[in-house]
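Fold and contact review
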Amino acid sequence: MAKKGGSKHIKAIAAPRLWSIQRKSKVFVTKPMPGPHSLETSIPLLVLLRDLLKEVKTVKEAKKVVKAKKVLVDGKIVVDEKRPIGLMDVVSLPSYGKCYRITVDRKGRLKPLEIPKEEENLKILKVVKKMTVDKDRLGLTFHDGSYLELGSEFPVKVGDSVLISLPDRKVLELLPFSVGSTCFVFSGSSSGTVGKIIKIEPSSLRRKSIVEVETEDGKKIATIKDYVIPIGKDNVPRVKML
């Protein structure tokens, strides 16, 4: 009989480079189910709990914790241990009294960052697509695949970010992609860097738009616009990223 459906696992050595896991001690690792993030930009909730947070030791323990409704992602209970977790997702473990924001380290790997309780209900989303729904509504698609409709007067552009509340997903603030904005570099050789945008070079036929970022210690770096997400204004990040 022919095989039906996709594989439920992948070889650890072939897992996306964003996964900070032991690749030689395991042959196979859980594959995330289709969801808000792609395979290349996410990690399964099970792997996050076991290998990164180390709150559980085995797959069985991870499943037990998730099925007991002890894990929340973006303020909502998750019961699928294979749910993909990606950049800016907020993972809460009320039973442990901890909550984490998913960020990246200097090697571009996904990293859970423990955050204060007051930030548990905040999330930043980068706008990757904008469309007109009707004359009074705009449709926005974000980096995590989620979608939100706002009034047509909302002054948002592709590349900007919005700060939303969780779990109701109400927009609290617009974080524009502009000179002077505080940003986070999440990919490329400068990943894991927080700084201020000091220059934006438009794209051309030969290259993508380049952004120059100045870090707190005065260091200047250049990276591709697609690798940058605005996280604040006036040198003040709206959420903890480091």
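The structure we're discussing is the one just above.
Everything numeric here is computed off the predicted structure, so don't read it as measured data.

Here is what the cut-offs are and how they apply
Residues numbered from 1 in each chain as written. Predicted model: local features only at pLDDT ≥ 70, side-chain atom pairs only at ≥ 80, totals over all residues. Heavy atoms only, no water. Helix = DSSP H or I, 4+ residues; strand = E, 2+ residues; numbered from the N terminus. Buried < 20%, exposed > 50% of the residue type's maximum accessible area, 1.4 Å probe, protein only. Contact = heavy atoms within 4.5 Å. Areas by Shrake-Rupley, 256 points an atom, 1.4 Å probe, with all protein chains shown as cover. Core = buried A, V, L, I, M, F, W, Y, C linked by side-chain atoms within 4.5 Å. Pairing = 2+ DSSP bridges. Salt bridge = Lys/Arg side-chain N within 4 Å of Asp/Glu carboxyl O.

Notes on the overall build of the protein chain
In terms of regular secondary structure, the protein chain is built from 2 helices and 20 strands. Looking at the protein chain residue by residue over its 242 residues, the buried ones come to 46%. In the protein chain, 44% of the contacts between residues at least 6 apart in sequence involve partners at least 24 apart. In the form shown here, the protein chain has an accessible surface area of approximately 12900 Å², with 54% of it arising from carbon and sulfur atoms.

Brief notes about the nonpolar core
One finds Leu45, Leu48, Leu49, Val71, Ile85 and Ile124 to be the most contacted residues of the largest nonpolar core, which totals 34 residues. Listed by contribution, the elements that provide at least two residues to this core are helix 1 (45-52), helix 2 (59-67), strand 7 (90-93), strand 8 (98-104), strand 10 (122-134) and strand 19 (228-233). Here this core gets 6 residues from one element, more than from any other, and that element is helix 1. In this structure Leu48 touches Leu53, Lys54, Ile85, Val91, Ile102 and Pro112, once residues within four positions along its chain are discounted. With 15 residues, the next largest nonpolar core counts Leu125, Phe142, Val162 and Leu174 among its residues.

A few points about the sheet that holds strand 15 (residues 182-185)
Paired through backbone hydrogen bonds, the strands of a sheet run either parallel or antiparallel to each other. Spatially, 18-17-16-15-19-20 is the arrangement adopted by the 6 strands of the open sheet, whose pairing is antiparallel. Whereas interior strands pair on both sides, the edge strands pair on one side only; in this sheet they are strand 18 (220-224) and strand 20 (236-237). Here strand 15 pairs with strand 16 (residues 193-201) via 4 bridges, running antiparallel. Each residue of the ladder has a partner; that of Phe184, found in strand 16, is Val194.

Observations concerning the pattern of salt bridges
Per the stated rule, a full pass over the model turns up 17 salt bridges. Of the charged contacts, one joins Asp51 and Arg50 as a salt bridge, the two residues approaching to 3.1 Å between their closest N and O atoms. Arg50 matches Asp51 in its accessibility class, with the two residues each being buried. A salt bridge links Lys199 to Glu201, with the shortest nitrogen-to-oxygen separation between them at 3.6 Å. Three or more residues joined by partner-sharing salt bridges are found here, namely Asp74, Arg83, Asp89, Lys123 and Asp144.

Purely spatial values, then, with no claim about function.
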